[in-house]
Amino acid sequence: MKKLLSVALTCCFSSQLLAHAAVVEMKDVKSGKSLGTIEITYTEYGTVFTPNLVGLTPGLHGFHVHQNPDCGDKMKDGEKVPGGAAGSHYDPEDTGHHGYPWTADNHRGDLPALYVSKDGVASHPVLAPRLSLTELDEQSLMIHQGGDNYADEPEPLGGGGPRVACGVIKHS
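Residues numbered from 1 in each chain as written. Predicted model: local features only at pLDDT ≥ 70, side-chain atom pairs only at ≥ 80, totals over all residues. Heavy atoms only, no water.

Per an unreviewed UniProt entry, the recorded name for the protein is Superoxide dismutase [Cu-Zn], and the organism is Bowmanella dokdonensis. In its Catalytic activity (unreviewed entry) section, UniProt records this for the protein: "2 superoxide + 2 H(+) = H2O2 + O2". (UniProt positions renumbered as here; feature names shortened; annotations may be inferred.)

Printed below as a string of structure tokens:
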């Protein structure tokens, strides 16, 4: 019995270590050019997304976890949508609502806005208190052109607009 418990604890501990961090390469959805990486780590306060990105437009950008592990294009209403294959915001409870990263009645993939400095660098970490790193495997991470008002009004999904950068989350 002791040996079985030891093996079970070792397996669980090992999977927690493997799920403790991930690094996602973010690429421009139109050119495919690498913009850098985002390191994702889990803390006692939630999941932290730490960007190391260059080449984005200055200001705030909508930043979300999307449901599909695919950053390719998708046709929608006869038009090509760069990054459209990533699907919608990650919403395992099927709330159908966009909101704050810390509220419970909206997409779990809603993250704090990503800040990009005047020289096009994003390096400020953001915290997602409702997400665990283990649930993020095989999802995508998306940066939108505009900011995020954390609501569906006056524009849906926070009003972030077109998708500009995407990366697929994979634990190694």
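K.L.:
Summarise unusual backbone geometry; cite the residues concerned and give the values.
P.N.:
Across the junction of Glu153 and Pro154, the peptide omega takes the value 0 degrees, indicating a cis bond. Along the chain, Pro154 turns up in the loop between β11 (139-144) and β12 (163-169). The phi angle at Glu138 is positive, at roughly 70 degrees, despite the residue not being glycine. By relative accessible area, which is 37% here, Glu138 ends up partly exposed. Of note in the backbone geometry, Tyr150 takes a positive phi value of approximately 60 degrees without being a glycine. Following the sequence through the fold, Tyr150 ends up in the loop between β11 and β12. Residue Tyr150 is classed as buried on the basis of its relative accessible area, which comes to 17%. (Helix = DSSP H or I, 4+ residues; strand = E, 2+ residues; numbered from the N terminus. Buried < 20%, exposed > 50% of the residue type's maximum accessible area, 1.4 Å probe, protein only.)

K.L.:
How would you explain the pairing of strand β2 (residues 34-43) if you had to name every residue and give the values?
P.N.:
In the sheet, strand β1 (residues 21-28) pairs with β2 via seven bridges, with the strands oriented antiparallel. Note that in β2 the partner of Val23 across the bridge is Glu39. Connecting β1 to the next strand, β2, in antiparallel fashion are five residues, including Gly32 with a positive phi near 80 degrees. With eight bridges connecting them, β2 and strand β3 (residues 46-54) associate as antiparallel partners. Counted as the bridge partner of Thr37 is Asn52 from β3. Linkage of β2 to β3, two consecutive antiparallel strands, is achieved through a turn of two residues. (Pairing = 2+ DSSP bridges.)

K.L.:
Kindly report on the pattern of salt bridges, identifying the contributing residues and their values.
P.N.:
Scanning all chains against the criterion turns up three salt bridges. Of the charged contacts in the structure, one is a salt bridge between Glu93 and Arg108, with a shortest N-O distance of 2.1 Å. Here Glu93 is found in the loop between β7 (79-81) and β8 (114-116), whereas its partner Arg108 is found in the loop between β7 and β8, with 15 residues between them in sequence. Residue classification places Glu93 among the partly exposed positions, given a relative accessible area of 46%. Each member of the salt-bridge network shares a partner with another, and the members are Glu93, Arg108 and Glu135. (Salt bridge = Lys/Arg side-chain N within 4 Å of Asp/Glu carboxyl O.)

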